[in-house]
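Working through the structure, step by step
Single-letter residue listing:
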Amino acid sequence: MSLQGAAGADELIFYVNGRKIIEKHADPEQMLLSYLRKRLHLTGTKYGCGGGGCGACTVMISTYEPASKKICHYSANACLLPICSLYGVAVTTVEGVGSTKSRVHPVQERLAKCHGSQCGFCTPGMVMSVYTLLRNYPEPTSEQMTAALAGNLCRCTGYRPILDACKTFCKECVCCQSKASCKCCLDHEEDLFDKEEKISTRLYSPDEFQPLDPTQELIFPPELMRMAENQPKRTLFFHGERMTWISPVYLDELLDLKAAHPKAPLIVGNTIVGPQMKFGGMFHPIVFSPARIPDLNVVKCTDDGLTLGAACSLSLVKDILRNAISKLPEEKTKIFYAVLKQLRTLGGEQIRNVASLGGNIVSRKSTSDLNPILAASNCMLNLASRGRKRRIPLSDIFADGVGNNTIMPEEILVSVHIPHSRKGEYISAFRQAPRRENALPIANAGMRVLFEEGTDKIKDLSIFYGGAASTTVHAKQTCWTLTGRQWNEQMLDEASRLILKEIALPGSACGGKVEYKNTLIVSFFYRFFLEVLQSLKTMDSCRYPGIPMEYGSVLQDFQTKMPQSIQIYQDVDQSQSPQDPVGRPIMHQSGIKHATGEAVYIDDLPSVDGELFLAVVTSSRAHAKIMSVDTSEALKGPGVFDIITADDVPATNEFHYSSDPEIIFARNEVICVGQIVCAVVADSDVHAKQAAAKVKIKYEVLEPVILTIEEAIKHNSFFEPKRKLEEGNVDQAFETVDGIFEGEVHIGGQEHFYMETQSVLAIPRGEDKEMDLFVSTQHPAFVQEMVAASLGVPANRIMCHVKRVGGAFGGKILKAGLLASVAAVAANKTNRAVRLILSRGDDMLITGGRHPFIGKYKVGFMNDGRIRAVDAKYYINGGCTPDESVLVAEVSLLKMDNAYKIPNLRCWAYACKTNLPSNTAFRGFGFPQSALVTETWITDIADKTGLSPEKIREINMYKEDEQTPFKQKFDPQNLVRCWNECMEKSAYHSRKTAVEEFNKQNYWKKKGIAIVPMKFPFGLGTRYLSQAAALVHIYTDGSVLLTHGGIELGQGIHTKMIQVASRELNIPMSYIHFCETSTTTVPNACASVGSAGTDVNGMAVKDACQTLMKRLQPIINKNPKGNWNDWIKEAFEQSVSLSATGYFRGYNENMDWEKGEGQPFTYFLYGAACSEVEINCLTGDHKNLQTDIVMDIGCSINPAVDIGQIEGAFVQGIGLYTMEELKYSPEGVLYTRGPDQYKIPAVCDIPERFRVSLLSSSQNPYAIYASKGIGEAGLFLGCSVFFALRDAVTSVRNERGLKKTFAMNSPLTAEQIRAACADDFTKMMTNDESASSISV
Ligand SMILES: Cc1cc2nc3c(=O)[nH]c(=O)nc-3n(C[C@H](O)[C@H](O)[C@H](O)COP(=O)(O)OP(=O)(O)OC[C@H]3O[C@@H](n4cnc5c(N)ncnc54)[C@H](O)[C@@H]3O)c2cc1C
Ligand code: FES
Ligand code: FES
């Protein structure tokens, strides 16, 4: 068989949502995601990362197997599914599940009604994962449900409400922890609360839910069944622009093809080849798809094991192993069990459903979770090439530990034999990853020992590691040396040394984490040693005593459980009208549309005639002169229209908002990696990206290159002004204190990771230089201003529209303005509509994030725990342009006291100017960093004085009428209430005792608990930044069109504004519609930032509605029995204007930095969080066990939305403080450019028990309806997990007699935890690590 045999291309036939698709020109390079979105205009399936890591693009694939007559449904990531792999299958997208036009499916309905969507961008993916599970298991278990969602990321909700919705489909009810007593907390809530308060725990009403009716689902297309049954299978050919896809039916055909094209890869799941082609610049002109070849799909149970075809999906392998384990005696299934353990956490379900066993093995990645265990277990590979078949041990392909090329290019893997385990044989697999689920491992291992019969004498030992080199490695020498030894302490000691000698990475190894990986390598063996000792005891407890009791728990891995949660809030007064929605848990106004995929984001807007696509070309140097830009090759690319540079900007290319400019296109010099140098516009995004890669830029590197805060300090590189806050007399106070200590905390940056990447559609209107801009931004007025300035036109020609934003968190203000300018300049030059949708990698590279932070402090304290003096310096890494860095530094100063009275204080804040992409606003805006530093030295005082951290917190907490270091007065009563309630609700003291007890009884696992208070000042520092306006129209049919200056970022602002308008106009919410935020309806609106959106826009909406009601009042008075429609009709007939604007001047806030005094804030939010964790001292892994939050947010306008904000922010805080790590090369290139390298919290990271209570009877005279702005505050409370981890580590260190004071930086990752839990294994490590990646 050769390519010549393929006269023409085949038609690709498949179904999408019950509709037959015949694609005559199927391009092998096209993935299903772009096909659905661009070709079929099904935009419900979203792009979040393009690499299989986020689940936003999840669809359901259904296949029919004629032999068994079975239909199989599985979820898959459309971004990695080549359309050519879909021949004969049925695809279901979110549109096929349900819609507002036909029927909303129960999954969609429940996700929306349980408040499971905020920005809604992840929601269609969530719907599809759950829907697919329900198609296979209409009553799933909670484990199946959490597993189904492991591959779906959400950046907004903190997952709790999503899981709440999902639980309603599960067989068992998992509503709260009291379930253990068969009594649900919801059934006896009166036990939990003070009977005086009218408390509610219901955020939705399950009675409203439609039942799940499996008979209502789309059927598998009968035509596809007929095709599968009747049509003889034949080789399929698809030819694209650059690539050919061949799908043979018989093994011999494939072997012939492989012989002719040995370099062409086989594509099964495309989970390796796909990302390599997309992100690694790899290209294959020919690929083979072996999925239809029966030999590669074989499943055979033999006397000595299982033979599985190489094309079997990992999910199928999982099912087969599970089935075999349930049928065979335990002795025979130890290998199956170990492989199954790895498969549980390998990728997400969407990956496992398509990824093949053969692909995992043959690609020989060092991150393969299967190869170490399969190699250690003596699995065999059945290989074939033309005219030749052979069987080799799998371990052979790693013979030297560096990847021997023992599988020839023309050879293919047909099947894998996994043997039964034998008597006296013990097998285990281990892995440690940056996140427990859906994350490639940092290191893993497979180990097997066979003893001489009836003894503990090693007959055969096999140890393989992943993560240590470029492929799986074999500790061959070690195994050989230890053969014949007894399984005892001496053997362990020698084994550890031998393993390190043979396997350990050198300090210079690429990928970093060298010491950690080396520690894991020996720790894994130790764990194996313990496991085997324990098993030997089971065999003969007289001869083998097993392991000490306190070691036992380390043999249990942390599991993801369906979290139990409860949300408590004060119900509305009974006298409130049932129609008045204020204070009630109203569903997000777009909730149902999020869940049906009908909610429109920028890239979902239909294409405009003649539209072009833009791809940016960015700098690859951190600081350099641009010597030349060669665009000649790029311009020759197919479909390329033009290349846009700084010379094409008609007016302003550099914006001087402060000392240094913000720049659209770099002109002569680049100041960071990722700076935009030019942009390609082409007829498709693919062509634009291909051409962008061909632009050649020559640089001359300039000195200095400043990346870190330390380097900025060395070069005195700062943005001005530097700020100082001083109170009392610090120097004098230091002379009278009992003790002084100094310390330093490093807090890493954070990527916003909004699920919708930065997006713009610029449409020139063709006359008067008008341009419509559709932008994913928090600040349309600013975008309008920047674009107008860059084009040199008045702002009244630029119309900026925002319907909704798929998450922002502070990242879509200035950066969105710059990107909109790039697109607008291109649209202006080409006079065509231009669409710019950043890829996830570009977004992460270009747009900056939260400022990395260093806090240096000197603290004076008394032995009774009182703080007397603090002298601190804060440095933030601002990156290459000012953006809002000085403001962030100021806020970090103003909020540094958190909840504590510090009588003598001197604190400086510096914004460092470096050659990193410019950092920007991020939820919390400096507070999460400076307050973490404060909480760190609070904990240090506890260590020094021997008092508990909570005691130090209580002693120093603001108590009565107080004033801040900048002399703003406030009443901290609710701070103390939150603290006390949190103490009580979390049962802190008894749980602390239980934690201590657990720690006494467990050596390798420890628990930790911490409670942290919070004072979160609300305000934007100056009046004009908090002004707001609204526009309300009433139409003659009585319907109301509402708009205001706030942007819907997922925080539910429009829902709340409709609630406000409903109350003020005294009409049902259903009468009121919100269409979009636009500079044409509300000019000069301030950014939706700083928790202020509802406060300020609510006032403006209220004002507009009250104006209208004033006009209507005489008509209502005249006809009090009339209804709304009568009054509106009458008003129109009386020529009463039915349109009004509303305005709010903003809060009177100010700060005088010269005097160090002011009222920069209007009011304060308070809260407290208590978290409990458990750590594994051998790996550094941890589990979040419980979090209790009590938050004072005044009178909530919408408790469901507000609790959602608290939980979502809290989980984002867990990410900041414990997981999310940005890594750069020493040259300043960001390594972490997608969800595969940068881990945000997933379902497995949320606390097993998660309770949020809103403080009751709290009033706030300053904001609408006595509410408080809540968008940001909860993030900081994530640090309760950080301090709980620190508490667990302290317990380890105390037990081991290690130094009492130790530094813990953020994020407190498994790597740091492992290093802090020093033991004999960590001592074995050499300290010669020279970093190959840096944290800044
Ligand atoms: C988001 C994500 C998360 C992941 N997480 C994990 C993880 O946690 N642990 C882990 O181990 N892996 C993980 N992976 C990697 C991946 O899923 C697996 O390694 C997978 O099994 C590869 O199979 P595939 O069918 O998708 O390979 P493909 O991409 O289709 O092919 C991979 C390579 O294998 C070759 N090949 C495939 N089959 C054969 C055969 N029969 N004979 C000869 N050559 C063959 C191909 O020529 C190709 O070069 C992850 C991948 C992604 C995208
Ligand atoms: S877009 Fe497909 S998984 Fe992220
Ligand atoms: S609602 Fe999940 S990402 Fe926004």
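Calculation criteria
Residues numbered from 1 in each chain as written. Chains lettered and ligands numbered in written order. Predicted model: local features only at pLDDT ≥ 70, side-chain atom pairs only at ≥ 80, totals over all residues. Heavy atoms only, no water. Helix = DSSP H or I, 4+ residues; strand = E, 2+ residues; numbered from the N terminus. Rg over C-alpha atoms; globule rule 2.2 N^0.38 Å. Buried < 20%, exposed > 50% of the residue type's maximum accessible area, 1.4 Å probe, protein only. Contact = heavy atoms within 4.5 Å. Areas by Shrake-Rupley, 256 points an atom, 1.4 Å probe, with all protein chains shown as cover. Lys, Arg positive; Asp, Glu negative; His and termini not counted. Charge placed at Lys NZ, Arg CZ, Asp CG, Glu CD. Near = heavy atom within 4 Å. Polar contact = N/O pair within 3.5 Å; in protein donor to acceptor, adjacent residues only side chain to side chain. Salt bridge = Lys/Arg side-chain N within 4 Å of Asp/Glu carboxyl O. Phe/Tyr/Trp six-rings, centres within 6.5 Å; stacked < 30°, edge-to-face > 60°. Lys NZ or Arg CZ within 6 Å of the ring centre and 35° of its normal. Disulfide = S-S within 2.5 Å. Pairing = 2+ DSSP bridges. Axes fitted to C-alpha atoms, helices over the stretch in contact; angles between N-to-C directions. Parallel < 35°, antiparallel > 145°, perpendicular 65-115°, else oblique. Nonpolar A, V, L, I, M, F, W, Y, C, P; charged D, E, K, R; others polar. UniProt positions renumbered as here; feature names shortened; annotations may be inferred. Left-handed = near helix turned anticlockwise from the far one by under 90°. 1 Å grid on protein atoms, 1.4 Å probe; cavity = no way out; pocket = protein on both sides within 12 Å on 5 of 7 lines; lining within 4 Å. Points joined across faces, edges and corners; volume = space filled by probe spheres on them.

1. Some thoughts on the overall build of the protein
- Across its full length, the protein carries 39 helices and 49 strands.
- Relative to the 2.2 N^0.38 estimate, which gives 34 Å for 1336 residues, the radius of gyration of the protein is 31 Å and therefore close to what a compact globule would have.
- Overall, the protein is about 95 × 80 × 70 Å in size when its C-alpha atoms are taken along their principal axes.
- Put simply, the protein has 1336 residues, and 64% of those count as buried.
- A separation threshold of at least 6 residues defines the contact pool for the protein, and within that pool the share at least 24 residues apart is 78%.
- With an accessible surface of roughly 47700 Å², the protein has 50% of that area assigned to carbon and sulfur atoms.
- Of the charged side chains in the protein, 141 are positive and 149 negative; the average position of the first set lies 3 Å away from that of the second.

2. Regarding the environment of Gly120
- Positionally, Gly120 belongs in the loop between helix H3 (106-113) and helix H4 (123-136).
- With a relative accessible area of 2%, Gly120 lands in the buried category.
- With 382 residues separating them along the chain, Gly120 and Glu502 place their C-alpha atoms 50 Å apart.

3. Thoughts on the site of ligand 1
- What surrounds ligand 1 is a group of 32 residues, the closest being Val268, Thr271, Ser356, Asp369 and Leu413.
- Thr367 places a main-chain nitrogen or oxygen 3.3 Å from an oxygen atom of ligand 1.
- The separation between a nitrogen atom of ligand 1 and a polar main-chain atom of Leu413 is 2.8 Å.
- Out of a free accessible area of 990 Å², ligand 1 has 92% covered by protein chains.
- Elements that contribute at least two residues to the shell around ligand 1 include exactly helix H14 (357-362) and strand E14 (412-419).
- Of the residues forming the shell around ligand 1, the biggest block, 4 residues, is contributed by H14.

4. Description of the pattern of salt bridges
- Inspection of every chain in the model, using the stated rule, returns 74 salt bridges.
- One salt bridge in this structure joins Arg497 and Asp493, with 3.6 Å as the shortest N-O distance. Taken together, the residues Arg497 and Asp493, both in helix H17 (residues 489-503) and 4 residues apart, mark about one turn of the helix.
- By relative accessible area, which is 49% here, Arg497 ends up partly exposed.
- Given the relative accessible area of 42%, Asp493 is considered partly exposed.
- The partner of Lys513 in a salt bridge is Glu1311, with the nearest N and O atoms 3.2 Å apart.

5. With respect to the packing of aromatic side chains
- Per the stated rule, a full pass over the model turns up 39 aromatic pairs.
- Arranged with centres 6.4 Å apart and planes meeting at 65°, the rings of Phe1161 and Phe1164 form a pair that is edge-to-face.
- Judged by its relative accessible area of 4%, Phe1161 is buried.
- Among the aromatic residues, ring-to-ring pairing joins Tyr426, Phe451, Trp487, Phe525, Tyr526, Phe528, Phe529, Tyr551, Tyr1003, Trp1004 and Phe1321 into one connected group.
- Lying across the ring of Tyr1265, Arg1063 places its NZ or CZ 4.6 Å from the centre.

6. A word on the state of the cysteines
- On inspection of all chains with the given rule, the structure shows 0 disulfides.
- Free cysteine Cys678: the closest other cysteine sulfur is in Cys672, separated by 15 Å.
- Under the relative-accessibility criterion, Cys678 is labelled buried at 1%.

7. Let's talk about the sheet that holds strand E19 (residues 564-570)
- Across the sheet, which stays open at both edges, the 6 strands sit in the order E6-E19-E49-E48-E47-E39 with mixed pairing between neighbours. Edge positions in the open sheet fall to strand E6 (199-200) and strand E39 (1005-1018), since each of these has one partner strand only.
- Bridge count for E19 against strand E49 (residues 1249-1254) is 5 bridges, and the pairing is parallel. Looking at E49, one finds that Ser565 is bridged to Phe1250.
- Where helix H30 (residues 973-985) meets the sheet, it contacts E19, E39, strand E47 (1163-1176), strand E48 (1182-1192) and E49, and its direction lies at approximately 25° from that of E47.
- In this fold helix H31 (residues 988-1001) packs onto E39, E47 and E48, with an angle of close to 150° to the strand it touches most, E39.

8. Focus on the packing of helix H33 (residues 1093-1118) against helix H34 (residues 1124-1133)
- With their axes 10 Å apart at the nearest point, H33 and H34 run at an angle of 100° to one another. One element, H33, and the other, H34, form an angle in the roughly perpendicular class. Two secondary-structure elements touch here, H33 through Met1109, Leu1112, Ile1115 and Ile1116 and H34 through Trp1124, Trp1127, Ile1128, Glu1130 and Ala1131.
- Looking at the contact of H33 with H34, its residues break down into 8 nonpolar, no polar and 1 charged.

9. Description of the sheet that holds strand E42 (residues 1072-1074)
- Read across the open sheet, the 4 strands follow the order E42-E41-E40-E44; overall the sheet is mixed. Taken across any chain shown, the strands that pair with only one partner, and hence form the sheet edges, are E42 and strand E44 (1139-1144). Going across the sheet, the axis of each strand differs from the next one's by a mean of 25°, ignoring polarity.
- Relative to strand E41 (residues 1040-1044), strand E40 (residues 1028-1034) runs antiparallel, the two sharing 5 bridges. If you follow His1033 over to E41, its bridge partner there is Leu1041.
- The sheet contacts of helix H32 (residues 1053-1065) involve E41 and E42, and relative to E41 the element is tilted by about 125°.

10. Regarding the UniProt feature "binding site: [2Fe-2S] cluster 1" (unreviewed entry) in the protein
- UniProt marks Cys49, Cys54, Cys57 and Cys79 with the feature "binding site: [2Fe-2S] cluster 1" (unreviewed entry), using the numbering shown here. Across 31 residues, the annotated set stays spatially compact, with a maximum C-alpha separation of 10.1 Å.
- Secondary-structure assignment places Cys49 in the loop between helix H1 (32-39) and strand E3 (58-65).
- Since its relative accessible area comes to 6%, Cys49 is described here as buried.
- Residues in contact with Cys49, not counting those within four places in the same chain, are Cys54, Phe279, Arg840 and Pro1235.
- Here Cys57 is to be found in the loop between H1 and E3.
- When neighbours within four sequence positions are excluded, Cys57 is seen to be in contact with Leu33, Thr45, Lys46, Ala76, Asn77, Ala78 and Cys79.

11. Side note on the packing of helix H24 (residues 780-791) against helix H25 (residues 814-830)
- With their axes 8 Å apart at the nearest point, H24 and H25 run at an angle of 40° to one another. Put simply, H24 runs oblique to H25. Relative to H25, the crossing made by H24 is right-handed. Within the contact between the two elements, H24 uses Phe782, Val783, Met786, Val787, Ser790 and Leu791 and H25 uses Leu814, Ala816, Gly817, Leu818, Ala820, Ser821, Ala824, Val825 and Asn828.

12. Observations concerning empty space enclosed by the protein
- Considering all chains together, one arrives at 11 cavities of 30 Å³ or more under this definition.
- As a volume, the largest cavity reaches approximately 250 Å³.
- Along its surface, the largest cavity is lined by 18 residues, and Ile663, Gln675, Lys815, Leu818 and Ile846 are the ones closest to its centre.
- Those elements that place two or more of their residues in the lining of the largest cavity are strand E24 (662-663) and H25.
- If you tally residues by element for the lining of the largest cavity, the top one is H25, at 4 residues.
- Of the residues that constitute the lining of the largest cavity, the class distribution is 11 nonpolar, 5 polar and 2 charged.

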